[in-house]
Amino acid sequence: MRLSSVQKISNISSEDFLRTYLKPAKPVILEDFVAPESPAFKKWNYEYFKTVAGEQKVNIYGSEIESLDRVASKPVGQSTFAEYLDLIASLPTEHRLFLFNLLSIKPELKNDIRYNDVTKGKILKWLPFMFFGGEGSITRNHVDIDMSHVFITQFQGTKRIWLFPWEQSDLMYKLPYNFHSITNIKEPDFEEFPGLKYINGYEAVIRPGETLYIPSGWWHYIQYETEGYSVSVRALPFSLREKWRGFKNLVLIRHFDNMMRHLFKEKWFDFKVEKAKRKANRAIRRQKTFRI
């Protein structure tokens, strides 16, 4: 496995961003996607959040290593938002908030973020999501089911994100009819999953004020280097290939997999694992040269 650092840029024009990064599907860190003068950088902190929404009940998510047979991880518990913020501020924990809708609960907070929209209006500013996590928590290696382009901005703490293109899905041991890998790429077992030796990707470390652009269909494995939170906005897929993949995932594949899991349970999961390994072995044979 090889990782290259993601480039950081600022003051790029919309034309240059679309031509150089979005259309060729190349990840990049934008240092000014969210305007530095945005009120969020001054107003937002844990104490402020506890004041405006501390009593809000939240679902807490934990380690995803044990959830490889599911489309999405299930919550491991529930608490108030204030209790959760106190937890991650006090000690390392794998507990996370996933697709948290604080900006829907308190829509006035959306006005605290001002975007330098280099996509010429493609991002859905009205549909932001927040992600909170404790130091050491991770999000399993996955692709987004709707195949959107994602812009994730860090507001507190540091995230380390590994990125891999869709074309390496077989080498990643993508679980068929699902959207995540069956492997632990942080501590890879090259004997059981030799395809991981052949993958090439990127590593991005984002800090407050920085935004990572994740192209449509790219794998991402997210690690919280410290506790913190981020906000993501999406741009819908716009090429015919991306749109078809997103439609197929949302309307066909997801429901087919749910039906098969209901009918065949563990046998269906075992079948998918074996199929993932067969596809990876074929992908390995297609590799012409490789050196560790």
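About the cut-offs
Residues numbered from 1 in each chain as written. Predicted model: local features only at pLDDT ≥ 70, side-chain atom pairs only at ≥ 80, totals over all residues. Heavy atoms only, no water. Helix = DSSP H or I, 4+ residues; strand = E, 2+ residues; numbered from the N terminus. Rg over C-alpha atoms; globule rule 2.2 N^0.38 Å. Contact = heavy atoms within 4.5 Å. Areas by Shrake-Rupley, 256 points an atom, 1.4 Å probe, with all protein chains shown as cover. Lys, Arg positive; Asp, Glu negative; His and termini not counted. Charge placed at Lys NZ, Arg CZ, Asp CG, Glu CD. Buried < 20%, exposed > 50% of the residue type's maximum accessible area, 1.4 Å probe, protein only. Arc of directions from axis to C-beta. Polar contact = N/O pair within 3.5 Å; in protein donor to acceptor, adjacent residues only side chain to side chain. Axes fitted to C-alpha atoms, helices over the stretch in contact; angles between N-to-C directions. Parallel < 35°, antiparallel > 145°, perpendicular 65-115°, else oblique. Nonpolar A, V, L, I, M, F, W, Y, C, P; charged D, E, K, R; others polar.

A. The arrangement of the overall build of the protein chain in detail. If you tally the helices and strands in the protein chain, you get seven helices and 14 strands. Computed over the C-alpha atoms, the radius of gyration of the protein chain is 19 Å, within 12% of the 19 Å expected from 2.2 N^0.38 for a compact globule of 292 residues. For the protein chain, the share of sequence-separated contacts (at least 6 apart) that also reach a separation of at least 24 residues comes to 81%. Carbon and sulfur atoms form 52% of the exposed surface of the protein chain, whose accessible area is close to 14,200 Å². Within the protein chain, one finds 44 positive and 34 negative side-chain charges whose respective centroids are separated by 8 Å.

B. Molecular detail of helix α3 (residues 46-53). Listed in full, the buried residues belonging to α3 are Tyr46, Phe49 and Ala53. Buried residues in α3, looked at end-on, bunch into an arc of 60°, giving them a common side. Exposed residues pointing more than 90 degrees away from the buried face of α3 are listed as Glu47 and Thr51. In this structure, the buried side of α3 is in contact with α4 (81-90), α5 (102-105), β7 (129-133), β9 (149-156) and β14 (228-235). With a side-chain oxygen lying 3.1 Å from the backbone nitrogen of Glu47, the N-terminal cap of α3 falls on Asn45.

C. Structural detail: the packing of helix α6 (residues 240-264) against helix α7 (residues 266-286). Running from N to C, α6 and α7 point in directions that differ by 125°, and their axes come no closer than 6 Å. As far as their axial angle goes, α7 and α6 are oblique. In this structure, α6 uses Phe256, Asp257, Met260, Arg261 and Phe264 to contact α7, whose residues at the interface are Glu266, Lys267, Trp268 and Lys272. Split by residue class, the contact of α6 with α7 holds four nonpolar, no polar and five charged.

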